[in-house]
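Architecture at a glance
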Amino acid sequence: MLIRNNNQGFVHSLNSEITSQTQYLQRRAFMQTLATGAAGAALASWAGRDALAAEAERAHLPALKGQPSKVSGAMTVEAATAYKDATSYNNYYEFGLDKGEPVRNAGTLKTRPWTVRIEGLVQKPQTLDIDSLLKLSAQEERIYRLRCVEGWSMVIPWVGYSLSELLKKVQPLSSAKYVEFVTLADKAQMPGLRSGVLDWPYTEGLRLDEAMHPLTLLAFGMYGEVLPNQNGAPVRLVVPWKYGFKSAKSLVAIRLTDKEPGTAWNKAARNEYGFYSNVNPEVDHPRWSQATERRIGEGGLFAKKRKTLMFNGYGDQVAQLYAGMDLKKFY
Ligand SMILES: Nc1nc2c(c(=O)[nH]1)N[C@H]1C(S)=C(S)[C@@H](COP(=O)(O)O)O[C@H]1N2
Ligand SMILES: [Mo]
């Protein structure tokens with residue numbers, strides 16, 4: 001990423017301790033009540049108008065199953081980042097380069113109608129309407145850490161299902177080795193496209209086995225609600241053991257290929273952002289260390305930093321994908 005050493009984000013986090021885990025749990029309880037049909041009672045006990053608006057929005061998101069993730073190791077026991085921080089401190093360059101810009105600018109993103117093409121080296125290519133994609137598999141909630149390459153992290157309860165569920169349905173050909181993710185690039189909706197920082201559309205890529213790993217999530221919601229635009233509505237990728245930029249927002253195509261696809265950040269700075277981009281405290285970014293991170297929401301500028309964990313703490317689940325690979329060379 002660009003070095004953007006302004007303190008804007010920490011100002012946000014200082015002011016927003018109010019929306020927290022508690023409020024998140026209230027929202028979830030409210031959603032579960034909705035699912036059981038006792039919406040009226042829940043509304044009475046919940047912050048009225050806000051809840052009504054949110055309810056209309058959430059209608060797009062199938063009710064969560066009561067069970068937490070089945071994927072072993074997917075949940076972290078750490079407290080979720082405050083909702084307000086996670087939705088107002090964002091990287092989404094299509095809506096501006098500063099962390100506070102996406103929340104202000106992403107209102108112009110139109111998330112319906114929306115289609116996602118699944119194409120390339122598959123038996124059954126298809127173009128799916130977002131609402132069909134949403135219902136393709138059971139949604140579940142997964143609390144993942146997200147570690148940004150710039151040195152901060154968050155803990156977010158995502159809602160979605162494993163990308164592998166979709167890939168299995170389209171049946172990759174044996175020649176398919178990689179998956180390329182293409183995101184929306186529409187000048188009419190995205191003021192950030194005027195910037196030449198990246199080569200639009202923002203694209204990302206994974207090796208097929210990484211894409212098929214159960215931790216790799218196709219996310220439609222967070223904190224029990226549909227994704228806010230600035231977080232990548234209506235559908236994004238979340239790859240928790242890689243730096244945040246691999247988690248491409250607002251996907252329009254998923255393309256299976258036989259060659260390693262180019263990625264937006266690798267094209268912008270080849271020696272700084274590799275294809276793999278696994279979180280690795282031992283491999284410094286050429287311009288800064290990756291050994292520690294600041295958890296957004298933790299006490300602002302003077303909070304103690306946390307040690308960054310290998311594979312962002314998901315090593316037990318994913319380390320075997322890289323057995324025998326030199327992770328300094330394949331950074
Ligand atoms: N299309 C698109 N996707 C993107 C980005 C972007 O600029 N454009 N930024 C990435 C980066 S650098 C990070 S850290 C995460 C941030 O996700 P969040 O805002 O939901 O925390 O989104 C990633 N996905
Ligand atoms: Mo990032």
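From a predicted model like this one, the values you see are computed outputs, not experimental measurements. (Residues numbered from 1 in each chain as written. Chains lettered and ligands numbered in written order. Predicted model: local features only at pLDDT ≥ 70, side-chain atom pairs only at ≥ 80, totals over all residues. Heavy atoms only, no water.)

Describing the overall build of the protein chain
Going by this rule: Every helix listed is a DSSP run of H or I at least four residues long, and every strand listed is a run of E at least two residues long, numbered separately from the N terminus. Burial classes follow relative accessibility: with a 1.4 Å probe on protein chains only, a residue under 20% of its type's maximum area counts as buried, one over 50% as exposed, and anything between as partly exposed. Whether two residues are in contact is decided by their heavy atoms, any of which lying within 4.5 Å being enough. Here the accessible surface of atoms and residues is derived via Shrake-Rupley with a 1.4 Å probe, and residues count as covered only by protein chains that are part of the display.
Counting its regular elements, the protein chain contains 11 helices and 12 strands. Across the 331 residues in the protein chain, those meeting the buried criterion constitute 56%. Of all intrachain contacts in the protein chain linking residues separated by at least 6 positions in sequence, the fraction that spans at least 24 positions is 73%. When the accessible surface of the protein chain is totalled, it reaches about 14100 Å², and 54% of it is carbon and sulfur.

A word on the nonpolar core
Here is the rule we go by: For our purposes a nonpolar core is just a set of buried Ala, Val, Leu, Ile, Met, Phe, Trp, Tyr and Cys residues, chained together by side-chain atoms within 4.5 Å.
Membership of the largest hydrophobic core comes to 82 residues, with the highest contact counts inside it found for L133, W158, L163, L218, V235, W241 and I254. Non-local contacts of L133, meaning those with residues more than four positions away in its chain, are made with V116, L128, Y161, L166, L218, F220 and V235.

Looking at the sheet that holds strand β5 (residues 178-183)
Convention followed: At least two DSSP bridges between two strands are needed for those strands to be called paired. Between N-to-C directions, angles cover 0 to 180 degrees, with each direction set by a line fitted to C-alpha atoms, over the stretch in contact for helices.
The 5 strands are arranged β2-β1-β10-β5-β6 in an open sheet whose pairing can be described as mixed. At either end of the open sheet lies a strand with only one pairing partner, and these are β2 (126-129) and β6 (203-207). The sheet shows a mean angle of 15° between the axes of neighbouring strands, direction not considered. Together, β1 (115-120), β2, β5 and β10 (251-257) form the strand contacts of helix α8 (residues 163-170), whose direction differs from that of β10 by roughly 60°.

Thoughts on the UniProt feature "binding site: Mo-molybdopterin" (unreviewed entry) in the protein chain
Keep this limit in mind: UniProt positions are given in the numbering used here, feature names are shortened, and annotations may be inferred rather than shown by experiment. Distance and chemistry together define a polar contact, namely a pair of N or O atoms within 3.5 Å, with one atom able to donate a hydrogen and the other to accept it when in protein, and with adjacent residues in sequence counting only for side-chain atoms on both sides.
The UniProt record marks N90, Y93, E94, C148, T183, N231, R236, S247, A248 and K249 with the feature "binding site: Mo-molybdopterin" (unreviewed entry), using the residue numbering of this structure. Structurally, the position occupied by S247 is in the loop between β9 (236-238) and β10. Classification of S247 as buried rests on a relative accessible area of 5%. Those residues in contact with S247 that sit more than four places away from it in its chain are R236, L237, V238 and V239. Within the fold, K249 resides in the loop between β9 and β10. The residues contacting K249, other than those within four sequence positions of it, are N90, N91, Y92, T183, Q230, N231, G232, V235 and R236. Polar side-chain contacts of K249 include one of 2.7 Å to the backbone oxygen of N91.

Some details on the pairing of β10
Burial of β10 is extensive: 6 of the 7 residues sit out of reach of the surface. Bridging between β1 and β10 involves 4 bridges; their strand directions are parallel. For R117, the partnering residue across the bridge sits in β10 and is A253. Relative to β10, β5 is paired through 6 bridges, and the arrangement is antiparallel. From the neighbouring strand, V182 faces β10, where its bridge partner is A253.

Here we look at the packing of aromatic side chains
The criterion, for reference: Pairing of aromatic rings covers Phe, Tyr and the six-membered ring of Trp, with a centre-to-centre limit of 6.5 Å; geometry is then stacked below 30 degrees between planes, edge-to-face above 60, and tilted otherwise.
If you walk through the whole model with that rule in mind, you get 13 aromatic pairs. Summarising the aromatic geometry, the rings of Y83 and Y223 are spaced 5.1 Å apart at their centres and angled 90° between planes, so their arrangement reads as edge-to-face. A residue pair is termed long-range when its members are at least 10 positions apart, and Y83 in helix α5 (residues 83-86) and Y223 in the loop between β7 (217-222) and β8 (225-226) qualify at 140 residues. Both residues of the pair, Y83 and Y223, count as buried. A centroid spacing of 6.0 Å and a plane angle of 75° characterise the contact between Y144 and Y314, whose relative ring orientation is edge-to-face. Remark: Y314 occurs in the loop between β12 (306-307) and α11 (315-318) and Y144 occurs in strand β3 (residues 140-147); sequence separation between them is 170 residues. In textbook terms, an aromatic cluster arises when at least three aromatic residues are bridged by ring pairs, as seen for Y178, F275, Y276, F311, Y322 and F330.

Considering unusual backbone geometry
Cis geometry marks the peptide bond from W200 to P201; its omega dihedral reads 0°. With respect to the helices and strands, P201 occurs in the loop between β5 and β6. Note the cis peptide between A233 and P234, where omega equals 0°. Turning to its location among the elements, P234 is positioned in the loop between β8 and β9. Positive phi values are uncommon outside glycine, yet Q171 reaches one of about 55°. Following the sequence through the fold, Q171 ends up in the loop between α8 and β5. Of note in the backbone geometry, F311 takes a positive phi value of approximately 50° without being a glycine. Here F311 is to be found in the loop between β12 and α11. The exposure class assigned to F311 is buried, which follows from its relative accessible area of 6%.

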